Each structure stands twice: as structure tokens, then as C-alpha cells.
Amino acid sequence: MSNMAAPDCVFHRTLTRSRPGPGPGLNKASPVVCREFLFLVELQRYSRDQGSSVYFPQAVLHGDDLYDVTLSDGDCRLRVTLDPGLNRLVERNLLQPGATLCDATFIPAMSAQHPACPGASAERDSFRLVSVQLSGEADEGRSLRQDSLPWYRSSGPAGALVPLRANRIVFLPLWNNVDYSGGGWRETPPAEEEEEEEEARRPAVTVSELRDSFLFGRRAIARGAVQHQLIVRIINKSHLMYFGKTDRNCECPYKAVLEVCDRTGSVCVVLWNSVCVSWYQRLKPGDIISLRRYRVKRHYEAEPEDIEISVNSRNPAARIAVLPESSVSPEYLPPAPTYSFYNSAELLDRPHGAECDVIGLLTFCGRAERMRSGEGCHDGRRAELREYHWLRLEDGTSDQPIMVKLFSTSQPDTHLKLHPLSVLVCTRLKLMRAAGQTDVGFFLTNTTYTQVYCTGLGHHSEMSYRRLRPVRLFLQWLRGRDDGQVLSRALIGGFFIYPPPPVSLETYMKDQRGAPRFLRGAELQGEVTRLCYRERRAFCIQAAVTMVTYSRRGEEDHCLFWTDRASSLSSSSPRPSPSSFSLPSTPRSFRPPLSSPSPRPSPSSFSLPSTPRSFRPPLSSPSPRPSPSSAVSQLSAHRSGKSCKKRKMVPTESQKRRPLVTVQAGQNNDTVILFEASMEFLENSNADEDDDDDDGDTSSFVTAPLLPPFPPVAVETLPMRYNHTRREEQAVVLAMGGGRATAADSFDSALEGYYTLRLRALSDGESIDAVFLPHSPSAPLAPHSNTWTSILSHGAFSSHTPPPSPGSLTHSSSLWRMTR
């Protein structure tokens, strides 16, 4: 396809004005503004390097990331670099693929200043986007439709797509540093490294011989580049580790660690740099590999002293091959991987920190969220954001589900397939126990070598664990389950917190090993505005509850509410705050010197107050009776004796209910979904032998014209009923960057409504709105009396007694002092 721009191309009409002309101003091209609509096709992230400061001297003030943006005017495409001052738009997911832009300001970039950068050259058009106005909702489908358009002039890539402003050959995923991103990561080995099949292969050296040679000087095998063939089996595989530094130039700053073994011992193999791009996706635990042209080095982190094998793309260029088991001589065949499967009953007795493997039926998959990996880095940079989501597994051996806090494992395609009714195997997890808790409060989470295998991708039929007794016992239990019974309790998405938080301030302080820092109201608002997209943090604040509102999703203008006598509806609306979480529907302008407005509520626990704005409300969708979800606002509550006043209510019409479960049409077999899941454990064909009535609250919903405006809760915050027919759509909606209110509104919510608490900070009187979800669909909680005091203290309803209705709950509300 031709790369020439069409005569009426918007880019052609706009950007030709930015070219410097002859004369004294030769190198000072002026910025130009495109007044017409443009569409954002693609966003690509990478980290700065030493040369990036040539382009962006002030980039250090805006973090380590740079972004290349692909834009379209409908006729052609243009690749530009986002000015680092606009990075905040991406970090809060305001600037996203499919977005419509207008009033975009471009400045020509000086491509020839950094000749080491492969993505930019003096012969190619290069521009920087320095300000932009967002208009309308994002449409991902539109970005896909632009991919076939030609590039504007010479702005397109000469070869593979690489970063424009740094010497990197791969991009980072938008939301974490663990997964891979882009088409350069290969699923098949490079053609030049494929070896001809031989029979009865024998290694030229063993692991023990390499170890003895290097550590004890017995024979000089391990000195320099080792040419001898080593045949080993992969036992464990780490996630990708990104080590890109802003003060260093490295084209592909990745490494990955493989734990391998032969019959004489085990050793770590470290894949460096572009070897990761060529081989990481291709290699998996259980594979037998042949290594040549590698280096043996000291493993400094090992106790006692040990070695590691370094595999790089140069000095020397290593040679790797995956071997079929039949090609290795039987006496040199490496042993098979071992597993340590524990069921939910056995996990109750496992100690804190124990490593284990688990298999279970997935019945809950929470939304993707992010948290900081630590308080900060030693060099002053902010800690890395780590992506995770919560999973609930069942295996029938106890009433206690297996809760897994699963971080990214460099398997992005697998994580997108995690949805209820999948059979999931997680290996090399570690058990975490909450202080002072026994059965309630333990969960599993990642180690460096955690891997995930899920039905729907053909994983199970390739893995040796399918023959193990714990796996066979689980499959026997699974075949006795009924699809409808599992679907009735299967949930996907929504806010979730586990283990349950302490119910008293004293316990919380003990867990924190000291007094927590209580924020002032204004400080809390400032902290929330600094949160990134779906970033979760915990904050402490002392506040009084001045209003409780119960709303149904999509019907926020009709609600049940309570306010204390000292607060009137006309005066309880807080002062306008720049950190408001409401998302205006009018166009927004962004320029680097200005701080960017905040989006609608993210995974943060708090929804900050908002002045009345134009807001696109979600579609109304009544849903089944409330299933438990988890608290967004809790820690401890202390009652005060002040009086309260309940507003008068006017009844409205009751609402229609939706069916509890959505099942595929024409499905007569009650176990077809679970049966198909279990079939993946077979190799080839024979290789191995849910409606109750409402709680009486529909008559309590009124239109309250004087009620202060509360922004509607983000749809992704509420759990949805799992829809097996539309499982792919639900997975995309809940993935990072994939949540769209318009798409999510078509699914059944598991909750009929939610509470909003208006808090007045005791320190400075600032008002804060906090969404409160006192339901717990996935986490076992200690029993309590379901009074307002106990609900706030535990952060959730107790499943041991009937939950109070919203009407009785707000009626019993008084003024509370709550520690968040």
C-alpha cells in the first residue's frame, strides 16, 4: 500500500505548516494546531534511556516512561511521541486507544539528534504531541478499523515497529513490567537455531561436571565460552524481569531464569536480553533443551556457593534447541518435574510461607488491579506498579475456598482466559497467613516461578501433572458437579479485599507494628488524585459519617438516604475539589503545565466529592438479589450518641427481575461445560487411563431533588453474574484498560445496589464520599450480629444471620465516628 498522503489528508494540510523555512528561523519550527478530529489508534510504552534527555530535558520530572502514539485522520496514520507532560493522561486511562481527539498541537521533533535511536532518523517525519483535547467516549473498534490505512509521508516504520525516542527494540505493556508486549516475542524458535533430529543424543558435559570445574578447578571445562552440549529438562520458569535503567542504554533489558536439571543435579539458566524475545514464549516447564555456547558464572545469591549458566545473544551467541524425549539416550534422560499439590483441606494445616501447587474450579475472578511493589526505590523513583487479581478456587475437599492473589506471570494470554468454570492449575505458589488468624485469612500468592495453566488453551493435555493422583481425584469430583449449581454462584469482576481487615483499631495498630498515620481530609484528597489507573492503596482517616445513601446501579437519581440532624441536604454538599472523580462528558483540554483531571472512580476505596457536572449515567439494569461483595470502606467504628433524622420516602413501582443464571441456548446436558473442561486432561483421546422476592425495599426508592450529587459507582467496581456465553466479552471488560461502561452495562450485576457514606474528616472538616459494599461473595468472614456497628467494623454483612434490608439499615443509622 502506498505511503503517500491523500491530497485532502488532514495531516497533510496541518503538518506542512510546521516545516521550517529558509532563513534565520531554520531550526525553529513553530507548533501547529489541528482543529479537526483525530483518532487514537495505538499507545506504546517504553522506558527512557541516556539519549532520551536530548528530546525531553524535563522528562525526569514526569517519570521513567515515554509513549509513542499512532493517530489517524481517517485517510492515513501518523506516529508521534507524547510529550512527557501528558503522561498523566495515559496513567489515568483517559488517553486510550479508540479516543477521539481535537485541537491537537504538534511540534516537529529533531530526529537526527540521537542517531543511536533506531526508531528515528533524519530522513523520517517526526513530531511531538504537546497538547490535546479529548472529546467523547473511546471506541476500541474504531482503532482496529484504522490499522490498514497508509502512513503519512515517511512517518511510518522502515522495518519492525520500535520506540521513537529511546534505544529499545521492544515495548513494555501499558500496565505492568512483567508481561511481554508486541509481535516481536516469538512462539516458535528462530529458524537458524533449529537442529536436525538425532537419535540417542548424549550430552558432552553434565551439570555436576560444570559445577566441579568452575568451583573446584577440576578440568577447565567451565572457563570462557563453553562449547560442550548440555542436555537438561526445565523444572521451573520465572516470570520476565525488566531491568531497563534511564541512565543506561540497553536495547532489550530483560532476563528470565530457568531452573533445569539432569541426572547429576540442578542449576539455574539465565536468559539475557534478546534471547528472551526469541525463546521465552517457546520454553515451558517439562521441556528438554540442548544448550551450546554459554558461559558459567558464579551464582551470588545462592547459599551455599553455586553456579549459574548465562545464555546471551552475543559474546558468545548461544545455541538453544528443544529436544523430543525420544531423541535423548534413555540413560541420560533428565528426570521429570515434581509437583506438590495440596487441596483446600490440607492447606489449612500448612505453615506461613510454604510453597505448594493447587488445582481447582474457578468460581470467582476479580477485576485486574494494581499496587505498588514497595514504599519506593533507593534511587528516589516511585515503586513499580504490579498487576494482580483475586481468584476463588473450589475443589470439594472442604468448605474453605482456595483464595489466590495472582500477580502477572508473563502469561498475558492465559490471564485473559481466566473466567469462572475454568479448571485452573497454579504451580509454585506460597501460602500467606494473616497475623492472628487461622483458617480465615490465609491465601496463596506468587513466587518468582509461579505458572498458570487454564482450560481453553490446551495446557493440561501437555503437562505431566495430569497423571498425578491429586489431579485425578479432583477430576473425579468435578465430573459430579452440575453446571447450573456452579453458575448460580459464579461471579466475575468487582472490588474485593482479602483477608478480612481487623475489626478494631487496636488490632489494626498491632498489625501495623505501631500507630498508623491518620491523614487529614485535604491530604487524603491529594493522595487520591495521585493514584494511577486501578491503583489500590490503603489510607487511614478519622471521620464522622454524616450521610448514608443506598442507590441502585443505573438509578442513582432514585435513592434511599439518611442524614444526621446537624447536616441539611442543602448544605452537606462538599466544597468543589480539583480531585473530584466525576468524568465530564464535555471536551477536556490538556497541556503539560496543567494537572490533569481525575477520571471516574478507580480501584481506590474513595470516591471524592464532585460539583454537579454533565455525566453519562449507566443504563438501568435490575439484577438478582444481592450477593455478597466486599467492603470498600472499613476498619473500625465507634458510635456517638448524637441524633439523626430520616428523610420521608415516597414509594415507586417495583422492578422486574432478571434470571439468576444465563446458560447457553440449546444446552440440555447439565454438566457439559465442566465435562469439556475435564476433557483437556486427556492426551489425544485415550492416551491416559439459582429467585427470591426483594427485601421489601423497592417501595423505598424516591426522587430526591435536594440530594447532593454523588457520582455513580464505576461499573467495574460491582461484581457481575458470570455469563458463560459471553465470557470473552466479560474478560475484556474487566482487563486493564478494557473496562467500558457501555459494554459492562449489558451484563447482570450481582448486586442490586450499593451504599455511599459521606464522611466529614474530624481533623479539618473536609467531606469525602466513600462507596461501601457490605457484601462478601468470595471471602469467609467471622460471624457477627449484622447491626450497623458490626457491619462497619467488619466491613461486610455476616452470612450467619439474615442481612438487614437497606431501609432498616439506614433507619437504624446514627452518627458514627469511623476509622478508615
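Residues numbered from 1 in each chain as written. Predicted model: local features only at pLDDT ≥ 70, side-chain atom pairs only at ≥ 80, totals over all residues. Heavy atoms only, no water.

**Q** Account for the confidence of the model for the chain, naming residues and giving values.
**A** Residues of the chain with pLDDT of at least 70 account for 70%, and the chain-wide mean is 77. Counting contacts from residues 376-380, a segment whose pLDDT is below 50, to residues more than four positions away or on other chains yields four contacts. Scored below 50 in pLDDT, residues 593-668 makes 261 contacts in the model with residues more than four places away or belonging to other chains. (pLDDT = per-residue confidence, 0-100. Contact = heavy atoms within 4.5 Å.)

**Q** Run through the pairing of strand β32 (residues 767-772), naming residues and quoting values.
**A** Counting buried positions along β32 gives six out of six residues, so the element sits mostly inside the fold. Neither face of β32 is open: one carries Ser767, Asp769 and Val771, the other Ile768, Ala770 and Phe772, and all of them are buried. Pairing of strand β31 (residues 753-761) with β32, which is carried by six bridges, proceeds in the antiparallel orientation. Across the sheet, residue Arg758 finds its bridge partner in β32, namely Asp769. (Buried < 20%, exposed > 50% of the residue type's maximum accessible area, 1.4 Å probe, protein only. Helix = DSSP H or I, 4+ residues; strand = E, 2+ residues; numbered from the N terminus. Pairing = 2+ DSSP bridges.)

**Q** Can you explain the pattern of salt bridges? Please cite residues and give values.
**A** According to the stated counting rule, one finds 26 salt bridges in the structure shown. Note that Glu259 is salt-bridged to Arg428, the shortest N-O span being 3.5 Å. Here Arg428 lies in strand β20 (residues 423-432) and Glu259 lies in strand β10 (residues 254-262), a separation of 169 residues in the sequence. On the basis of relative accessible area, Glu259 is assigned to the partly exposed category, the value being 22%. Using a relative accessible area of 19% as the deciding quantity, one classes Arg428 as buried. Several salt bridges converge on common partners, so that one network encompasses Glu259, Glu355 and Arg428. (Salt bridge = Lys/Arg side-chain N within 4 Å of Asp/Glu carboxyl O.)

**Q** Describe the packing of aromatic side chains, and please don't skip the residues or the numbers.
**A** The relative placement of two aromatic rings is captured by the distance of their centres and the angle of their planes. Summed over all chains, the structure comprises 20 aromatic pairs. For the pair Trp185 and Tyr254, a centre-to-centre distance of 5.1 Å together with 90° between the ring planes defines the contact as edge-to-face. In this pair, Trp185 sits in the loop between α4 (140-145) and α5 (207-216) while Tyr254 sits in strand β10, placing the two residues 69 residues apart along the sequence. Taken individually, Trp185 and Tyr254 each receive the classification buried, so the pair is uniform in this respect. On the basis of an interplanar angle of 85° and a centroid distance of 5.7 Å, the ring pair of Tyr339 and Tyr465 is categorised as edge-to-face. Of this pair, Tyr339 sits in the loop between β15 (319-323) and α7 (344-347) while Tyr465 sits in the loop between β21 (443-454) and α9 (469-478), placing them 126 residues apart in sequence. Ring pairing ties together the aromatic residues Phe364, Trp390, Phe443, Phe496 and Tyr498, which thus form one cluster. Stacked on the ring of Tyr280, the Lys or Arg Lys237 has its end atom at 4.0 Å from the ring centre. (Phe/Tyr/Trp six-rings, centres within 6.5 Å; stacked < 30°, edge-to-face > 60°. Lys NZ or Arg CZ within 6 Å of the ring centre and 35° of its normal.)

**Q** How would you explain the state of the cysteines if you had to name every residue and give the values?
**A** Overall, the coordinates contain zero disulfides when judged by the stated rule. Unpaired in this structure, Cys365 has its nearest cysteine sulfur neighbour in Cys454, at a distance of 9.3 Å. On the accessibility criterion, Cys365 (4% relative accessible area) is buried. Cysteine Cys454 is unpaired, with the sulfur of Cys426 as its nearest cysteine sulfur at 9.1 Å. Classification of Cys454 by relative accessible area gives buried; the value is 0%. (Disulfide = S-S within 2.5 Å.)

**Q** Kindly report on unusual backbone geometry, identifying the contributing residues and their values.
**A** Asn315 connects to Pro316 through a cis peptide bond whose omega is -5°. The residue after Tyr498, namely Pro499, is reached through a cis peptide bond having omega -5°. The residue Pro499 is located in the loop between β22 (491-492) and α11 (505-511) in this model. A positive phi angle, near 50°, is found at Asp103, a position not held by glycine. Within the fold, Asp103 resides in strand β5 (residues 100-108). The class of Asp103 is partly exposed, set by a relative accessible area of 23%. With a phi angle near 55°, Arg428 is a residue other than glycine that sits in the positive phi range.

**Q** Describe the nonpolar core, and please don't skip the residues or the numbers.
**A** Counting 39 residues, the largest nonpolar core has Trp185, Leu210, Leu230, Tyr254, Tyr294 and Val311 as its most contacted members. If you list the elements that add at least two residues to this core, you get α5, β8 (230-237), β10, β11 (265-272), α6 (274-279), β12 (288-292), β13 (294-299) and β14 (306-311). Sequence-distant contacts of Val311, that is, excluding residues within four places in its chain, are made with Val269, Val270, Leu271, Trp272, Val275, Leu291, Tyr294, Ala318 and Ile320. Ranked by size, the runner-up nonpolar core spans 30 residues in total, among them Leu15, Val32, Leu71 and Phe106. (Core = buried A, V, L, I, M, F, W, Y, C linked by side-chain atoms within 4.5 Å.)

**Q** Outline the side chain of Asn446, supporting the account with residue identities and numerical values.
**A** With respect to the helices and strands, Asn446 occurs in strand β21. Reaching out from Asn446, the side chain makes a polar contact with the backbone nitrogen of Phe407 at a distance of 2.8 Å. Apart from residues no more than four positions distant in its own chain, Asn446 is found in contact with Lys405, Leu406, Phe407, Ser408, Thr409, Leu429 and Lys430. (Polar contact = N/O pair within 3.5 Å; in protein donor to acceptor, adjacent residues only side chain to side chain.)

**Q** Talk me through the side chain of Asp68; I want residue IDs and the actual numbers.
**A** Relative to the assigned elements, Asp68 resides in strand β3 (residues 65-72). The class of Asp68 is buried, set by a relative accessible area of 0%. A distance of 3.2 Å separates a polar atom in the side chain of Asp68 from a polar atom in the side chain of Arg79. Not counting chain neighbours up to four residues away, the residues in contact with Asp68 comprise Glu42, Leu43, Gln44, Tyr46, Arg79, Val80, Thr81, Val162, Pro163, Leu164 and Phe171.

**Q** An account of the environment of Pro84 is needed here, citing residue identities and associated values.
**A** Inspection of the secondary structure assignment puts Pro84 in the loop between β4 (77-82) and α3 (87-91). A relative accessible area of 4% means that Pro84 is categorised as buried. In this structure, the C-alpha to C-alpha distance between Pro84 and Val130, residues 46 residues apart in sequence, is 8.5 Å.

**Q** Before we move on, can you summarise α9 with the specific residues and values?
**A** Residues of α9 that are buried include every one of Val471, Phe474, Leu475, Trp477 and Leu478, and no others. For α9, the angular spread of buried residues about the axis comes to 160°, placing them on one side. Along α9, exposed side chains directed more than 90 degrees from the buried face belong to Arg469 and Gln476. (Arc of directions from axis to C-beta.)

**Q** Tell me what's going on with the pairing of strand β2 (residues 38-47), and back it up with residues and numbers.
**A** Of all 10 residues making up β2, nine are buried, and the element is well covered by its neighbours. In this sheet, β5 lies alongside β2 in antiparallel orientation, the contact comprising two bridges. Bridge assignment links Phe39 to a residue of β5, and that residue is Thr100. Bridge count for β2 against β3 is eight bridges, and the pairing is antiparallel. Across the sheet, Leu43 pairs through a bridge with Val69, a residue of β3.

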